[in-house]
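What the coordinates show
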Amino acid sequence: MKTPMKNLTVFGRAGFRVMLGLGLFYGITANVYGQAASSSTLPARLQEFQSKAVQEKVFLHLDRTAYASGDIMWFKVYNVDGTLHQPLDMSKVAYVEVLDAGRQPVLQGKIALKEGAGNGSFVLPVTLEAGNYMVRAYTNWMKNFSPDFYFEQPVAIINTFQPLALKPVPDTATYAIQFFPEGGNLVTGLPGKVAFKATNRKTGKGTSCQGEIRDNAGHVVTTFQPTKHGIGHFILPPAAGEYTAVATFPGGKVVRQKLPQLQETGYHLNLTESSPGELQITTYATNQQPEQLYLLGHTRQKVVVAATTIMANGKATFSVVKDSLAAGITHFTVFNSQQKPIAERLFFKRPTKQLEIETVLQNNPFGAREKVVLDLLTQRQPGVATAANLSLAVFKADSLQATDIADITAYLYLSSDLKGTVENAASYFSETGPQAEEAFDNLMLTHGWRRFTWEDVLSQKTPTFQFLPEYEGHLIQGKVTHNATGTPASDVRAYLAAPGKNTRFYSNVSKADGSVLFAVKDFFGPKEMVVQTNFLKDSTYHFEVFSPFSSNYSEKRPPAFDAEESLRPAIHLRHLDVQAQNIYFEKFLNRYQAPAIDSLPFYGKPNQQFFLDDYTRFKVMEEVMREYVPGVLVRKRRDGFHFRVMDAQNRLVFEEDPLVLLDGVPVFDINKIMAFDPLKVQKLDVMTTNYYNGSLSSYGVVSYTTYKGDLAGFPIDPRALLQEYEGLQLQREFYAPAYDTQEQKLSRLPDWRNLLYWAPDLNTGPDGKASTHFYTSDQAGTYTIVVQGLTQEGLPGSKVVTFQVKKPL
């Protein structure tokens, strides 16, 4: 029986849409979703949970997957809504790290995001050991969830300045095989499909094998062999007892592995495509009594199927029309009458729409130092153009590029929703036909996973999150403790400042656990932070600032690193490339774009502003204040100097000291600012009204700025915390030489570039068109162009093409 459901639209906390489309549901009885109160509870609870636990996905387009020490690693960050894959303007910062084989970070960067996109780079130090590394990326909000959700991409880094001990690599491989019963369990007396994954432990990749399944008596029950990347399946007939797999791997190595133990009682689930366009989900049970079962299917926590039926004679069947499913991975979960999950199965539906990217080279092959013009066209379907945000890399294809660059379509629809590593995920999309569909299904059987637990969903507990989304900018988290005891100090107002000419100042009150959070703005580049409290009132506190980078890691590891003798020519060329770039073009490699920041101080346009060089300079600050600053009255009492700011709005004088700043750092002891050399001060701003900074209320502001914004030797209270802190990464400009003139082409400077071009922010217009150009180097060979991108509607796409550069005759 068909029951069409209404589409629902809800809005998450971040203000973006989450579409919950409940499609066409089928069951073997007429009791379909909406006709049973218990059945409707499951989708409602999942919908409620999803609205509170919004999911982000981060994808990184790396320029290459193999580098030499001294190289620059370039990357583009795409941040999307985890359900619809639309660019998500929630988090304003992405965290990118390069981890070594021991999961220790060797490089870290905070990347500014705008409308769900950003880009950055790392200079790879020449001190790095040669090896395989893991690049990972995530947001602050994603730290609330498993690190398995972070983007991860293995890369190789060759240190050409150290001996590599190149040698032929012997076959030292060891092998492993894992088994995955369909639905989660093998049950005595019930038929079962079992998937398997055979891997080479050394490389971490799938491998071929020939296998047999034997019963307790040693009889062969069935045989198996993988179909793709070491993955396949076999059917285990209904029986009891234990089974053992005997697998023979390349080189004749044999592995014996017991299958998961059969349960005496329980449930088993089987999914088949009963007819074109229709799935049949059958649940078997050892219990022959009638029982009500519920089926819930969701794609990225978007409910697409919900149905209920009665199990009769130990069997129940649900039918689902494939067109009712969203593109990507659908999780089917069967619940018993107590609403406890009893079996789960994943199914993948190919996307019917994706961003199509056409590339046209105006010439091919090319000569050395020749201009290459590349025309691009983006379409949502043939003949229908669409605007898209793209990133583009052009590099020489050499033997070091052993790892495929992550594909944005395969990542968003496939590998980001599966646990573990999906080998060459893009290949599942490029192949078609029955064998390709079988490979997809085998992959689903071996990578069962979801981004939540049903216990969390059904408990109806309001989820709590330690890490907030960085809606407006970077969040710096610290802690205030008592000096004497080390216990958390609550309700303490702490102040954070980074000295500079662009005055920025932040304040907040510590919570019961001593934690304090500062929402900083325009925090770019290296900073020296000053964290303190008002030591005239609070003098017994200790401060610390935490790293914003995640301390949790997935179980993924980069593959073992082997430097084979056959790599020597490619390594030599990479060495020449790095050497030439750093010798001849060094001045162009460290140019940065000025960040678009607000030039006004945090308090806005001041009521009064004084550039002291416009006046006769005094050597005593008291004279400066009394002679030139009418908005501030100087008072001297037993405890020293005090300022009283004129309340211009009410034509009165404030009775308390104002907020006094030097290069953005608060100065609570007026005596210290009065003892400061005024000849070091370039500018003085005065706010003659009450000023509110969050929960902080000040009786006006008096802000001094030195010539260099570096405090000019002003003594910071020794009880304050001074700490170097790397702010958001400044955007490095990509440099490549141009050969427009004959003189440039005849230049004797060597050009051995491996990476010809990097464009992280290439946009096509409404007509889908864009054009760009670059120049070839002196290296002949095959070059690869990789284009990746996304539309505002969430359609991902990529394109890989090659071209040739010929040696001069």
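Everything below is about the structure shown above.
The shown structure was predicted, so the numbers you read here are calculated from the model rather than taken from an experiment. Along each chain, residues carry numbers from 1 onward, in the same order as the chain's sequence is written. Local features in this predicted model are restricted to residues of pLDDT 70 or higher, and side-chain atom pairs are both shown and tallied only at a pLDDT of 80 or more, whereas totals for entire chains, interfaces and linings draw on every residue. Excluding hydrogens and water, the side-chain values take into account all heavy atoms of the structure.

Attention shifts here to the overall build of the chain. A tally of regular secondary structure across the chain gives ten helices and 51 strands. Projected onto its principal axes, the C-alpha positions of the chain cover 100 × 80 × 55 Å. Here the chain holds 809 residues, and the buried ones make up 54% of them. Pairs at least 24 apart in sequence give 70% of the contacts found in the chain among residues at least 6 apart. For the chain, the accessible area works out to roughly 35600 Å², and carbon and sulfur atoms hold 50% of it. The charged-residue count follows a simple rule in which Lys and Arg add positive charge and Asp and Glu add negative charge, with His and chain termini not counted at all. Lys charges are placed at NZ, Arg charges at CZ, Asp charges at CG and Glu charges at CD. Side-chain charges in the chain split into 80 positive and 79 negative, and the spacing between the mean points of these groups amounts to 1 Å. Under the DSSP-based scheme used, a helix requires at least four consecutive residues in state H or I and a strand at least two consecutive residues in state E, with every element numbered from the N terminus. Exposure categories follow from relative accessible area, calculated using a 1.4 Å probe and restricted to protein chains: below 20% of the type maximum is buried, above 50% is exposed, and the middle band is partly exposed. We call two residues in contact when some of their heavy atoms are within 4.5 Å. All accessible-area figures derive from a Shrake-Rupley calculation using a 1.4 Å probe, and residue coverage is judged against the displayed protein chains alone.

This next bit is on unusual backbone geometry. With glycine set apart, most residues show a phi of negative sign, and most peptide bonds adopt trans. The omega torsion across N364 and P365 is 10°, close enough to zero to call that bond cis. Looking at the element boundaries, P365 is found in the loop between β27 (356–361) and β28 (371–381). Despite not being glycine, Q339 shows a phi value in the positive range, around 60°. Looking at the element boundaries, Q339 is found in the loop between β25 (328–335) and β26 (341–349). Its relative accessible area of 13% is what places Q339 among the buried residues.

The next thing to look at is the sheet that holds strand β33 (residues 505–509). Strands are labelled as partners when DSSP assigns at least two bridges between them. Ordered in space as β33-β32-β35-β47, the four strands form an open sheet in which the pairing is antiparallel. Pairing within the sheet leaves two strands with one partner each, and these edge strands are β33 and β47 (721–726). Each strand of the sheet is rotated relative to its neighbour by a mean of 25°, with strand direction disregarded. In the sheet, strand β32 (residues 493–497) pairs with β33 via five bridges, with the strands oriented antiparallel. Within β33, the residue paired with A497 across the bridge is F505. The axes are straight lines fitted to the C-alpha atoms, using for helices just the contacting stretch, and the angles between their N-to-C directions are given from 0 to 180°.

With that settled, the discussion passes to the sheet that holds strand β5 (residues 56–62). Spatially, β5-β7-β10 is the arrangement adopted by the three strands of the open sheet, whose pairing is antiparallel. Edge positions in the sheet fall to β5 and β10 (117–123), since each has one partner strand and no second. Taken pair by pair, the neighbouring strands of this sheet meet at an average axis angle of 25°, ignoring direction.

On to a nonpolar patch on the surface, then. For patch detection, residues must exceed 30% relative accessible area and be free of salt bridges, and they are connected within 9 Å for like charges or within 5 Å for nonpolar side chains (Val, Leu, Ile, Met, Phe, Trp, Tyr). Salt bridges, as used here, are contacts in which a Lys or Arg side-chain nitrogen is within 4 Å of a carboxyl oxygen on Asp or Glu. Nonpolar side chains collect at one region of the surface, where I583, Y584 and L749 lie side by side and expose about 280 Å² of accessible area between them. Structurally, I583 is set in helix α6 (residues 568–584).

Moving on, we get to the nonpolar core. What we call a nonpolar core is a set of buried Ala, Val, Leu, Ile, Met, Phe, Trp, Tyr and Cys residues that are connected through their side-chain atoms within 4.5 Å. One finds M625, F643, I673 and Y704 to be the most contacted residues of the largest nonpolar core, which totals 51 residues. Here this core takes four residues from helix α8 (residues 621–628), the largest share from any one element. For I673, the residues in contact, after removing those within four places along its chain, are M621, F643, V660, L662, V667, Y704 and F714. In this structure, F59, F122, V135 and F524 belong to the second largest nonpolar core, which totals 38 residues.

For the rest of this paragraph, the subject is the environment of R591. Relative to the elements of secondary structure, R591 occurs in the loop between α7 (586–589) and β37 (608–611). Here R591 falls in the partly exposed class, since its relative accessible area comes to 35%. Note: C-alpha distance between R591 and Q731 (140 residues apart in sequence) is 8.5 Å.

Glancing now at the side chain of T299. Looking at the element boundaries, T299 is found in strand β22 (residues 291–299). T299 sits in the buried class, given a relative accessible area of 1%. Whenever a nitrogen or oxygen atom comes within 3.5 Å of another N or O atom, the pair is scored as a polar contact, on the condition that within protein one atom can donate a hydrogen and the other can accept it, and that pairs from neighbouring residues in sequence are kept only if both atoms are in side chains. A distance of 2.7 Å separates polar atoms of two side chains, one belonging to T299 and the other to T330. With residues near it in sequence (within four places) discarded, T299 still touches V304, A326, A327, I329 and T330.

A separate point is the packing of aromatic side chains. Only centres within 6.5 Å qualify two rings of Phe, Tyr or Trp (six-membered ring in Trp) as a pair; their planes then separate them into stacked at under 30 degrees, edge-to-face at over 60, and tilted for everything else. Here the structure, examined in full by the defined rule, presents 43 aromatic pairs. Ring centres of Y428 and F440 lie 5.5 Å apart, and the angle between their planes is 40°; on these two criteria the pair is classed as tilted. Taken together, the positions of Y428 in helix α3 (residues 427–430) and F440 in helix α4 (residues 434–446) put the pair twelve residues apart, joining distant regions of the chain. By relative accessible area, Y428 is classed as buried at 3%. The exposure class assigned to F440 is buried, which follows from its relative accessible area of 2%. A ring pair is formed by Y783 and F803, whose centres lie 5.6 Å apart and whose planes are at 15°; its orientation type is stacked. Of this pair, Y783 sits in strand β50 (residues 781–790) while F803 sits in strand β51 (residues 796–805), and the two are 20 residues apart along the sequence. On the accessibility criterion, F803 (1% relative accessible area) is buried. Clustering of aromatic rings is evident, with ring pairs tying together W74, F366, F734, Y757, F774, Y783 and F803. Between the NZ or CZ atom of K110 and the centre of the ring of Y725, over which it lies, the distance is 4.7 Å. For a lysine, the NZ atom is tested; for an arginine, the CZ atom; a charge sits over a ring if that atom is within 6 Å of the ring centre and within 35 degrees of the ring normal.

Relative to the helices and strands, N200 resides in strand β14 (residues 192–200). Take N200: its relative accessible area is 13%, and that puts it in the buried class. Not counting residues up to four positions away in its chain, the partners in contact with N200 are A173, T174, Y175, K205 and T207.

On to the pattern of salt bridges, then. Here the structure, examined in full by the defined rule, presents 25 salt bridges. Its salt-bridge partner being K228, residue E431 comes within 3.1 Å of it at the nearest N-O pair. You can see E431 sitting in the loop between α3 and α4 and its partner K228 sitting in the loop between β16 (220–224) and β17 (231–236), a full 203 residues away along the chain.

It is worth spelling out the pairing of β16 at this point. In this sheet, β16 lies alongside strand β15 (residues 210–214) in antiparallel orientation, the contact comprising four bridges. Among the inter-strand pairings, R214 is bridged to a residue of β16, identified as V220. The antiparallel pairing of β15 with β16 creates a hairpin that spans five residues between the two strands, and G218 there sits at a positive phi of about 85°.

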